[in-house]
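# Structural overview
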Number of protein chains: 2
Amino acid sequence: MDQIIAPVITVDQVDVGPLHGNLGFLLRMAQLQVYEDFYADLGEYGLKPGEFSVLTLIYKNPHIRQGVLARRLMIKRAHMTKLIRVFEDRGHVSRTIPDEDRRAVELELTADGLKFVETNWDRFYGHEKAQTPRLTPAEEKQMLGLLRKFVDLEQGDAQ
Amino acid sequence: MDQIIAPVITVDQVDVGPLHGNLGFLLRMAQLQVYEDFYADLGEYGLKPGEFSVLTLIYKNPHIRQGVLARRLMIKRAHMTKLIRVFEDRGHVSRTIPDEDRRAVELELTADGLKFVETNWDRFYGHEKAQTPRLTPAEEKQMLGLLRKFVDLEQGDAQ
DNA sequence: GTATATTTGTTTACATGGAAACATTACAAA
DNA sequence: TTTGTAATGTTTCCATGTAAACAAATATAC
């Protein structure tokens, strides 16, 4: 007796339903894909996106306070404490408690930290170019602009 | 003797440098903001974005296999195992091992799971509307289209 | 001035998610 | 067949990130 077998759904047949128009879902997927590319390229150097962002902001804003850094990168203070401790242990970042406000902590790159950032700068920020072009250059520019507006980072131009 | 005090950097004065044009960074920031809104609205109901996505896909694709679901949502198989176990314990999802391939697991909503999805559908997918409009409707539509193209989900229409 | 509230960073305990090794089943080669 | 290889899901261990309670310093109210 023949049996009716339900067809097996393959990945590209999956009906994502309303997720098709869901911003949170699409942002998450996009981010995962970008990170995947990132690690495929740079994983071997032990560079991580979040860590390098932190160092970049300290590099660009010496004496920035830990809480300001955390808010700007949307990293929780509790987590920032741990991140900074690692950098301090590596000798890449120094912490100073300012006299004006002895609750705060001001951050600075050490000489080693500076060297690390500068030698890895291109490897890190030149990275986007290498990717498989999922969007045309015009589309990518458009998307970056929309994202900046979305996250309220429209002011000023890039480095 | 007067002392020269270095000006304290505030959040909106932070120079983000090349992160200004960095896709990974902007995507991450955008995603964090969307999730923040989401939890502000729906946190009290105990709904989580990832969980509801899983249920939605099982709802829209009954008998989908666990691995297919994982790949589509870019969730690692190891993690999917844990997610599905929770749904099973809650009585929202049932697992079946098909005869055609006894390694696989096919997923289905239980009656309770179906009820849960349907009663929470609007609360979940009607959510985007309520947000502070960071983008105009036209810009939002544009962004969704670009994101879909970016993540290769262009085919088909929503819902 | 003193009391209260807020800000800043840390600690601790927990939640979320991934990597690697594994067991089982299916497939391919000979 | 049987022998090796790949696919599927699970387990264990670890990394990343958050929540809540806390300590210290500052700001605010009276």
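Going along each chain's sequence as written, the residues are numbered from 1 onward. Throughout, the order in which chains and ligands are written sets their labels, letters from A for the former and numbers from 1 for the latter. Since the coordinates come from a predicted model, pLDDT governs what is reported: local features require at least 70, and pairs of side-chain atoms require 80 or more to be given and counted, while whole-chain, interface and lining totals use all residues. Side-chain metrics rest on all non-hydrogen atoms present in the structure, leaving aside hydrogens and water.

### What to know about the interface of chain B and chain A
Between chain B and chain A, the residue contacts involve 67 residues of the former and 67 residues of the latter. Of the roughly 7,200 Å² buried at the junction of chain B and chain A (both faces included), carbon and sulfur atoms supply 71%. Reported buried area values correspond to the accessible surface (1.4 Å probe) lost by two parts on association, with both partners' losses combined. The three residues of chain B that bury the most area against chain A are His20, Met74 and Phe150 of chain B, which together make up 11% of that side's buried surface. The salt bridge definition used is simple: a Lys or Arg side-chain nitrogen within 4 Å of an Asp or Glu carboxyl oxygen. Counting the contacts that link chain B with chain A gives two salt bridges. A salt bridge links Lys149 of chain A to Glu139 of chain B; the shortest N-O distance between them is 2.8 Å. Counting of polar contacts relies on pairs of N or O atoms within 3.5 Å, with two restrictions inside protein: one atom must be capable of donating a hydrogen and the other of accepting it, and residues adjacent in sequence are counted only when both atoms are side-chain atoms. Here chain B is connected to chain A by six residue pairs in polar contact (both at pLDDT 80 or more). Strands are runs of DSSP state E lasting at least two residues, helices are runs of H or I lasting at least four, and both sets are numbered from the N terminus onward. By residue number, the principal contributor to the side of chain B that touches chain A is helix α1 (residues 23–42) of chain B, which donates 14 residues. Looking at the side of chain B that touches chain A, its residues break down into 34 nonpolar, 17 polar and 16 charged. By the convention used here, residues are in contact when the closest approach between their heavy atoms is within 4.5 Å. Three classes are used, and their members are as follows: Ala, Val, Leu, Ile, Met, Phe, Trp, Tyr, Cys and Pro are nonpolar, Asp, Glu, Lys and Arg are charged, and the others, Gly among them, are polar.

### Describing the packing of aromatic side chains
Residues and elements named next belong to chain A. A pair of Phe, Tyr and Trp rings is counted when the ring centres sit within 6.5 Å of each other, with Trp represented by its six-membered ring. The angle between the planes then sorts it: under 30 degrees is stacked, over 60 is edge-to-face, the rest tilted. Evaluated as defined, the whole model comprises 16 aromatic pairs over all chains. Ring centres of Phe38 and Tyr39 lie 5.5 Å apart, and the angle between their planes is 85°; on these two criteria the pair is classed as edge-to-face. Judged by its relative accessible area of 6%, Phe38 is buried. Here Phe52 and Phe124 contribute two aromatic rings whose centre-to-centre distance is 4.1 Å and whose plane-to-plane angle is 15°, an arrangement assigned as stacked. Within this pair, whereas Phe52 is found in helix α2 (residues 49–60), its partner Phe124 is found in helix α5 (residues 111–125), the two being separated by 72 residues in sequence. Owing to a relative accessible area of 2%, Phe52 belongs among the buried residues under this scheme. Relative accessibility under 20% of the residue-type maximum defines a buried residue, over 50% an exposed one, and the middle range a partly exposed one, all with a 1.4 Å probe and only protein chains included.

### Considerations on the side chain of Arg148 of chain A
Along the chain, Arg148 of chain A turns up in helix α6 (residues 137–150). Reaching out from Arg148 of chain A, the side chain makes a polar contact with the backbone oxygen of His20 of chain B at a distance of 2.6 Å. In contact with Arg148 of chain A, other than residues within four places in its own chain, are Leu153 and Glu154 of chain A together with His20, Gly21 and Leu26 of chain B.

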